[in-house]
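# Geometric and topological summary
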Amino acid sequence: MKIAIYTLGCKVNQVETQAMERELLGRGHTLTDFDSPADAYIVNTCTVTAVSDKKCRNIIRRARKNGPEAVVAACGCYAQTEPEAVAKLGVDLVSGSAGRMDFLNRLEELFRHRTQQVVAVDQALERREFERLPAGSGQGRTRAMLKVEDGCVNFCSYCIIPYARGPVRSLPLAEAAEQAGRLAREGCQEVVLTGIEISSWGRDLKTGETLADLIEGVCAAAPGLRVRLGSLEPRTVTEEFCRRCAALPSLCPHFHLSLQSGCDATLKRMNRKYDTARYWRSVELLREHFSDPGITTDLITGFPGETEEEFGRTLAFVERCAFTAMHVFPYSVRPGTPAASMPGQVSREEKEARARRAIALGERLERRWLESQVGRTVEVLFEEEKGGLWQGHTPNYALVRAAGENLHNRLARVSVTGAAGDALVGALVREGE
């Protein structure tokens, strides 16, 4: 088959799409652009917000328009939580957020013998086994993502993901280390440890191992590979965690700590498990143990009940933390979550206005951090050529642009001469300088 895939949502979805791509190519199929003619279209869906659901429906309709006679298949979180709604869009195969190899088997069978619509979705909350998928960097990518965990049991009041992904399941340390070693041998320069909630890694294994043990094991198995972490729950960052991680030279000093709000009352309504004092301690520990770490975050504006005073506290806390980058989202009502029926729903206009204010603050903080990097020499993993310059990221996740030739998937030192927009600019340092 000639197959086109469209992926929405988080890094875990991206990992799972990469695994499907790798498997499909191994089975002799070919991949094509989503807007090109294809025998089958796969939409890997997301359901983190109601807006995500709408995007998924639009992409499914687009797939059917692109290929009226093609097999259209949907998998992922929206297909998991709303299989009937997806089926009504004329999808031939509806699967969920697990069983990806069985999903591909069914896709092949439908292509060979077009029968009636197939809906095959399990009960996510009953899952107990980690689904092992082939790890890889995907077509033309320099950074590999290694999925080490799935599921979440935090049940934040705005989030549907525990119902879409089920409880925590972990990839055993030995298997994670083996996959990291293989990726290094295949030429990958960097691996990102990712999952729905990687801070919970190991809880289901009952071995006493923690995320710090996993990180040490992966770094030891592939000493030449840069290792980057996915999003962390703030309470993961302890004195011991920082001490152990700071001793690993290949671990990138970039930490994404989900904040969501800088107001304790709002955090409580969100059912987050920390307050601003604990979050601030995490930021302090990272800056004590790592030299100039990149600390990034997520923020939700206009959560139910958020007053202007509470939002002001959030902005003040964000400025205190001095994040190096920030993703800002206006609160989106997600049916089926406690927050959807909370009193004090904020108007769309106010949510978006607050988001704009938060984004402006985040851009000022990012600009300040980028300017602090000018004059330094940094190591960059170059990823692609764009606008006549090659670009890539430093270990602390600053985007860097520089002139050069054939830099794809190469590590090189760059002397930073300035900052432009959201990136640093500089010149390659020749060997021996």
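Everything below is about the structure printed above this text.
What you see is a predicted model; the values in this text were computed from it and never measured. (Residues numbered from 1 in each chain as written. Predicted model: local features only at pLDDT ≥ 70, side-chain atom pairs only at ≥ 80, totals over all residues. Heavy atoms only, no water.)

## Focus: the state of the cysteines
Heads up, the rule is: Cysteine sulfur atoms are paired as a disulfide whenever they come within 2.5 Å of each other. Summary of the burial criterion: residues with accessible area below 20% of their type's maximum are buried, those above 50% are exposed, and those between are partly exposed, where the area comes from a 1.4 Å probe applied to protein chains only.
Counted by the stated rule, this structure contains zero disulfides. The structure places no disulfide on Cys156, whose sulfur is separated from the nearest cysteine sulfur, that of Cys159, by 6.1 Å. For Cys156, a relative accessible area of 10% translates into the label buried. Among the residues examined, Cys159 registers a relative accessible area of 18% and is labelled buried.

## Some details on the pairing of strand β3 (residues 40-45)
As a reminder, the rule being used: Helix numbering and strand numbering both begin at the N terminus, where a helix is a DSSP run of H or I of at least 4 residues and a strand a DSSP run of E of at least 2. Strands qualify as paired when DSSP identifies two bridges or more between them.
The element β3 is largely enclosed, with a buried count of six among its six residues. Side chains of β3 alternate between two faces, with Ala40, Ile42 and Asn44 and Tyr41, Val43 and Thr45 buried alike. As defined by bridge partners, strand β1 (residues 2-7) adjoins β3 across five bridges and the pair is classed as parallel. The partner of Ala4 across the bridge, within β3, is Tyr41. With six bridges connecting them, β3 and strand β4 (residues 71-76) associate as parallel partners. Counted as the bridge partner of Ala40 is Val71 from β4.

## Structural notes on the packing of aromatic side chains
For clarity, the threshold we go by: In summary, the pairing rule links any two rings of Phe, Tyr or Trp, Trp by its six-membered ring, whose centres are within 6.5 Å, and it sorts them by plane angle into stacked for under 30 degrees, edge-to-face for over 60 and tilted for everything else.
If you walk through the whole model with that rule in mind, you get nine aromatic pairs. For the ring pair Tyr6 and Phe34, a centre distance of 5.2 Å and an interplane angle of 70 degrees mean the geometry is edge-to-face. Taken together, the residues span a long stretch of sequence, with Tyr6 in strand β1 and Phe34 in the loop between β2 (30-32) and β3 at a distance of 28 residues. For Tyr6, a relative accessible area of 26% corresponds to the partly exposed category. Judged by its relative accessible area of 5%, Phe34 falls in the buried class. Both rings, one in Tyr274 and one in Tyr279, keep their centres 6.0 Å apart while their planes meet at 45 degrees; by these two values the pair is tilted. On the basis of relative accessible area, Tyr279 is assigned to the buried category, the value being 0%. Chaining the aromatic ring pairs together yields one cluster made of Tyr274, Tyr279, Phe317 and Phe323.

Shape descriptors only; they carry no functional weight alone.
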